[in-house]
Amino acid sequence: MASESAFRPHRVVVLALDGLLPFELGIPHRIFGRPKDAEGRHLYEVLTCSVRPPGPVRTDADFSVQVAHGPEALATADTVVVPASYELGPVFEEGVLTDELAAALARIRPGTRLASICTGVYVLAAAGHLDGRPATTHWADAERLQRLFPRVKVDANVLFVDDGDVLTSAGVAAGIDLCLHIVRRDHGTAVANEVARRTVVPPHRDGGQAQYIDRPVPDPQLATTTAARAWALGRLHEPIQLRDMATQESMSVRTFTRRFREEVGVSPGQWLTQQRVERARHLLESTDLSVDQVARDAGFGTAQSMRQHLQAALGVTPTTYRRTFRVRSGGLRDSERYGDVGTLR
């Protein structure tokens, strides 16, 4: 186990820009401020900085926030988060950074993980960090983002996009999903689920889930797919056919598939795979079941099938995931250093 002196929490620096939305500003502090290791040490250290020397930063509300750090804090970050702002000026209007903002961003060390919430994505795009890469933002701003930055692969239909060292989220509450996803990626499902429970939010909304874009209100008399999903979650270890799920709602396969995608944002098959991956992660973290048994209990059937799905979803094998995240009976993780997990995707 690494010594006490060697432990250093992952530093998250939140860039507060004039016109910021207080809700979005608070998300990183709430989510990253909660996780602790088995010894009660905070896994993240969260700082807020401005592009100017310490002082007040305007919000879109009737109050300002007093920021204790200047742009020099960006040079110390392991992760930089840029929340939304309604006063981005030339960044939003022309896709160009101000000199002040450009100078601040230039302090960020190469290799630092970058994340944005809502319109914070404009800052990352204007700085060139999204050229040729996928990204998202609030659905109402996606068209402008694509027009200003044609080299960015904008997807307005997802809650967040994880492109490794750069992550972007849709608007408002999607920032919670993004930050929980980062915690899950860094420290596993058990830690992320505990943070979600304390925050009283769903532990997992997949990034591929659709944003709440304005659509015709469905007829309240129409059946939903809720019962079918609950039915499937109770028997993930069994083979589940699409027609079986459709039968639970007394729908044709075609109608069920359309209704399911409208409600959940992905196909029934994609959703099932996501749930099985989450089940496998939980079992790998919290039990000593063999990889073969985990594969059967999660519904993958074989270890090879599970390996392929976890590799695609997380970028690691089941054995590597277990070695990194499994909690021993004494409350200690198999990984000696939490920072080792930063490459999981």
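Anything mentioned here points back to the structure above.
Residues numbered from 1 in each chain as written. Predicted model: local features only at pLDDT ≥ 70, side-chain atom pairs only at ≥ 80, totals over all residues. Heavy atoms only, no water.

Trainee: Explain the packing of helix α8 (residues 226-233) against helix α10 (residues 253-264) residue by residue, including any values.
Mentor: Two numbers describe how α8 lies on α10: the axes approach to 10 Å, and their chain directions differ by 90 degrees. The angle between the axes of α8 and α10 places the two elements in the roughly perpendicular class. Between α8 and α10, the residues in contact are Thr226, Ala228 and Arg229 and Phe256, Phe260, Glu263 and Val264, respectively. Grouping the constituent residues of the contact of α8 with α10 by class yields four nonpolar, one polar and two charged. (Axes fitted to C-alpha atoms, helices over the stretch in contact; angles between N-to-C directions. Helix = DSSP H or I, 4+ residues; strand = E, 2+ residues; numbered from the N terminus. Parallel < 35°, antiparallel > 145°, perpendicular 65-115°, else oblique. Contact = heavy atoms within 4.5 Å. Nonpolar A, V, L, I, M, F, W, Y, C, P; charged D, E, K, R; others polar.)

Trainee: Tell me about the nonpolar core, and name the residues and values.
Mentor: With 35 residues, the main nonpolar core has Val12, Ile31, Phe32, Tyr44, Val81, Ile182 and Val183 as its most contacted residues. Counting only elements with at least two residues in this core, the list comes to β1 (10-15), α1 (22-32), β2 (44-49), β4 (64-67), β6 (113-117), α6 (174-187) and α7 (189-199). Top contributing element to this core by residue count: α6, with seven residues. Residues within four places of Tyr44 in sequence aside, it is in contact with Pro9, His10, Val12, Phe32, Pro35, Ile182, Val183, Asp186 and His187. (Core = buried A, V, L, I, M, F, W, Y, C linked by side-chain atoms within 4.5 Å. Buried < 20%, exposed > 50% of the residue type's maximum accessible area, 1.4 Å probe, protein only.)

Trainee: Could you give an account of the environment of Gly301, with specific residues and numbers?
Mentor: The topology assignment puts Gly301 in the loop between α12 (291-298) and α13 (303-314). Taking the C-alpha atoms as reference points, Gly301 and Pro239, separated by 62 residues in sequence, lie 8.5 Å from one another. Discounting residues that sit within four places of it in the chain, Gly301 has contacts with Ala295 and Arg296.

Trainee: Describe in detail the packing of aromatic side chains, supporting the description with residues and values.
Mentor: In this structure the tally under the stated criterion is five aromatic pairs. Between Phe92 and Tyr122 the ring centres are 4.8 Å apart and the planes differ by 55 degrees, which places this aromatic pair in the tilted class. With Phe92 in helix α2 (residues 90-93) and Tyr122 in helix α4 (residues 121-126), this residue pair connects regions lying 30 residues apart in the sequence. Residue classification places Tyr122 among the buried residues on the basis of a relative accessible area of 0%. Ring centres of Phe260 and Trp271 lie 5.7 Å apart, and the angle between their planes is 70 degrees; this geometry places the pair in the edge-to-face category. Residue Phe260 is located in helix α10, and its partner Trp271 is located in helix α11 (residues 268-286); the two are separated by 11 residues in the primary sequence. Taking the relative accessible area as the measure of exposure, Phe260 reaches 0% and is therefore buried. A residue is classified by how much of its surface remains accessible, and Trp271, at 7% relative accessible area, is buried. Among the aromatic residues, ring-to-ring pairing joins Phe92, Tyr122 and Phe149 into one connected group. The ring of Phe7 has Arg41 sitting right over it, with the charged end atom 4.0 Å from the ring centre. When the ring centre of Phe260 is taken as origin, the NZ or CZ atom of Arg229, which lies over that ring, is 5.9 Å away. (Phe/Tyr/Trp six-rings, centres within 6.5 Å; stacked < 30°, edge-to-face > 60°. Lys NZ or Arg CZ within 6 Å of the ring centre and 35° of its normal.)

Trainee: Quick rundown of the pairing of β6? Include the residues and the values.
Mentor: With five of its five residues buried, β6 lies for the most part within the structure. Burial along β6 is two-sided: the residues Arg113, Ala115 and Ile117 and Leu114 and Ser116 are all buried. In the sheet, β6 pairs with strand β10 (residues 166-169) via four bridges, with the strands oriented parallel. For Ile117, the partnering residue across the bridge sits in β10 and is Ser169. (Pairing = 2+ DSSP bridges.)

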